[in-house]
Amino acid sequence: MPDFPQALSIAGSDSSGGAGMQADLKTMQERHVYAATVLVAITAQNTLGVQDSLPLPTKIINEQFASIANDLAIKACKTGMLADSEHVKVVVKNLKKYQFGPLIVDPVMVAKGGATLLSEDAVITIKEELIPLATVVTPNIPEAEVITGLTINSKEDMIAAGKKIKLLGAKNVIIKGGHYNSENIVNDFVLLEDNDSFWMSSKRIDTIRTHGTGDTLSACIAAEIAKGQDIKTAILVSKKYVEATITNGIIVGHGHGPLNHWAYREVTQNEDI
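These figures come from a predicted structure and were not determined experimentally.

Conventions and cut-offs
Residues numbered from 1 in each chain as written. Predicted model: local features only at pLDDT ≥ 70, side-chain atom pairs only at ≥ 80, totals over all residues. Heavy atoms only, no water. Axes fitted to C-alpha atoms, helices over the stretch in contact; angles between N-to-C directions. Helix = DSSP H or I, 4+ residues; strand = E, 2+ residues; numbered from the N terminus. Parallel < 35°, antiparallel > 145°, perpendicular 65-115°, else oblique. Left-handed = near helix turned anticlockwise from the far one by under 90°. Contact = heavy atoms within 4.5 Å. Polar contact = N/O pair within 3.5 Å; in protein donor to acceptor, adjacent residues only side chain to side chain. 1 Å grid on protein atoms, 1.4 Å probe; cavity = no way out; pocket = protein on both sides within 12 Å on 5 of 7 lines; lining within 4 Å. Points joined across faces, edges and corners; volume = space filled by probe spheres on them. Nonpolar A, V, L, I, M, F, W, Y, C, P; charged D, E, K, R; others polar. Phe/Tyr/Trp six-rings, centres within 6.5 Å; stacked < 30°, edge-to-face > 60°. Buried < 20%, exposed > 50% of the residue type's maximum accessible area, 1.4 Å probe, protein only. Lys NZ or Arg CZ within 6 Å of the ring centre and 35° of its normal. Salt bridge = Lys/Arg side-chain N within 4 Å of Asp/Glu carboxyl O. Pairing = 2+ DSSP bridges. Expected span 1.5 Å × (residues − 1).

(A) Spotlight on the packing of helix 2 (residues 58–69) against helix 3 (residues 85–97). Relative to each other, helix 2 and helix 3 sit at 25°, their axes nearing to 10 Å. As the angle between them shows, helix 2 and helix 3 are arranged roughly parallel. Our pair here, helix 2 against helix 3, has a crossing hand that is right-handed. Along its contact with helix 2, which presents Thr58, Ile61, Asn62 and Phe65, the element helix 3 presents Glu86, His87, Val90, Val91, Lys93, Asn94 and Leu95.

(B) View of the side chain of Thr43. Assignment of secondary structure puts Thr43 in strand 2 (residues 34–46). Of note is the side chain of Thr43, whose polar atom sits 2.5 Å from the backbone oxygen of Ser13. Among the polar contacts made by the side chain of Thr43, one reaches the side chain of Gln45 at a distance of 2.7 Å. Ignoring anything within four residues of it in the chain, the contact list for Thr43 reads Ser13, Asp14, Ser15, Asp52, Ser53 and Met81.

(C) Region of the structure containing the layout of surface pockets. In this model, the second largest pocket occupies a volume close to 150 Å³. Forming the boundary of the second largest pocket are Cys77, Leu95, Lys96, Tyr98, Gln99, Phe100, Gly101, Leu103, Pro132, Leu133 and Lys171. Tallied by class, residues from the lining of the second largest pocket come to seven nonpolar, two polar and two charged.

(D) View of the packing of aromatic side chains. Counted under the stated rule, the structure contains four aromatic pairs. Between Phe65 and Phe100, the ring centres sit 6.2 Å apart and the planes meet at 25°, which makes this aromatic pair stacked. With Phe65 in helix 2 and Phe100 in the loop between helix 3 and strand 5 (103–105), this pair connects stretches of sequence that are 35 residues apart. Using a relative accessible area of 4% as the deciding quantity, one classes Phe100 as buried. With 5.8 Å between their ring centres and 35° between their planes, Tyr98 and Phe100 make a pair best called tilted. Feature note: the residues Phe65, Tyr98 and Phe100 constitute an aromatic cluster, connected by ring pairs. Over the aromatic face of Trp199 sits the side chain of Lys155, whose NZ or CZ is 4.5 Å from the ring centroid. One cation-aromatic arrangement involves Lys232 over Phe198; the distance from NZ or CZ to the ring centre is 5.0 Å.

(E) Region of interest: the pattern of salt bridges. Applying the stated criterion across every chain yields a total of eight salt bridges. What emerges from the salt-bridge pattern is a single network uniting Arg31, Glu224 and Lys227.

(F) A look at the pairing of strand 7 (residues 172–175). Neither face of strand 7 is exposed, since Asn172 and Ile174 on one face and Val173 and Ile175 on the opposite face are all buried. Where strand 6 (residues 136–137) and strand 7 come together, two bridges link them in parallel fashion. In the sheet register, Val137 faces strand 7, and the bridge partner there is Val173.

(G) Broad picture of helix 8 (residues 231–247). Counted at 1.5 Å a residue, the expected span for helix 8 with its 17 residues is 24 Å, and the 24 Å between its end C-alpha atoms agrees. When we look at burial in helix 8, the residues that qualify are Ala234, Ile235, Val237, Ser238, Lys239, Tyr241, Val242, Ala244, Thr245 and Ile246. Lining the buried residues of helix 8 we find helix 1 (20–30), strand 7, strand 8 (185–191), strand 9 (197–203), helix 7 (213–226) and helix 9 (263–267). At the N-terminal boundary of helix 8, the capping side chain belongs to Asp230, with an oxygen 3.2 Å from the backbone nitrogen of Lys232.

Here's what the structure looks like:
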């Protein structure tokens, strides 16, 4: 019996279930991939914001990695919120130690409500130690600005940021354009390992129910790769998946509400997944 596709989420927990590890689990399950987890930090948060957070002791993080490596056949993995420089370094050490397949790095820095989720020294560690390991890195515009030091106000700026991040060592880069001031269209820039590039465009949806979008995109890419999809196909499928979760929204909470993670299944129920 062949191994069932297995992927790993290395991230923080969102107590409200909309982002972080919970979003990763929901996404991977929806894409018919078995999801394992390494919990790095715990947050107390909801759709209104982040009320508190607590990084876990590094010993238990190391033990989680070892437990998974000793038993499961992980085909792809992703990182999300990693708290601080010490915890980024621990994750990097374990990613170098174990073979978990292609790595998707979602450089989570700021929550939808504006709370900072990553310390300043951790940004440097991510740039110097984590991004060079990445098969795909998926910053939004504010994150890309922090990583590159560039100001991004145009599509040309997004291209420049993508090239600069690729120079840090990432094989493939997606600059998510949701924060760009465009009324009707969201444009994401994709720069591939072979320097081929393309744009992914979608209609902007008038909603604040987008909590966990970045986590969901990166988790979906990891899931598709775990199933054997090539990088470009994984990215394109994941873009469609996220579009469906936003377009077919659900009402949960009183602030930046979560995505509808089962929407893509309903939209494409008569199609192959």
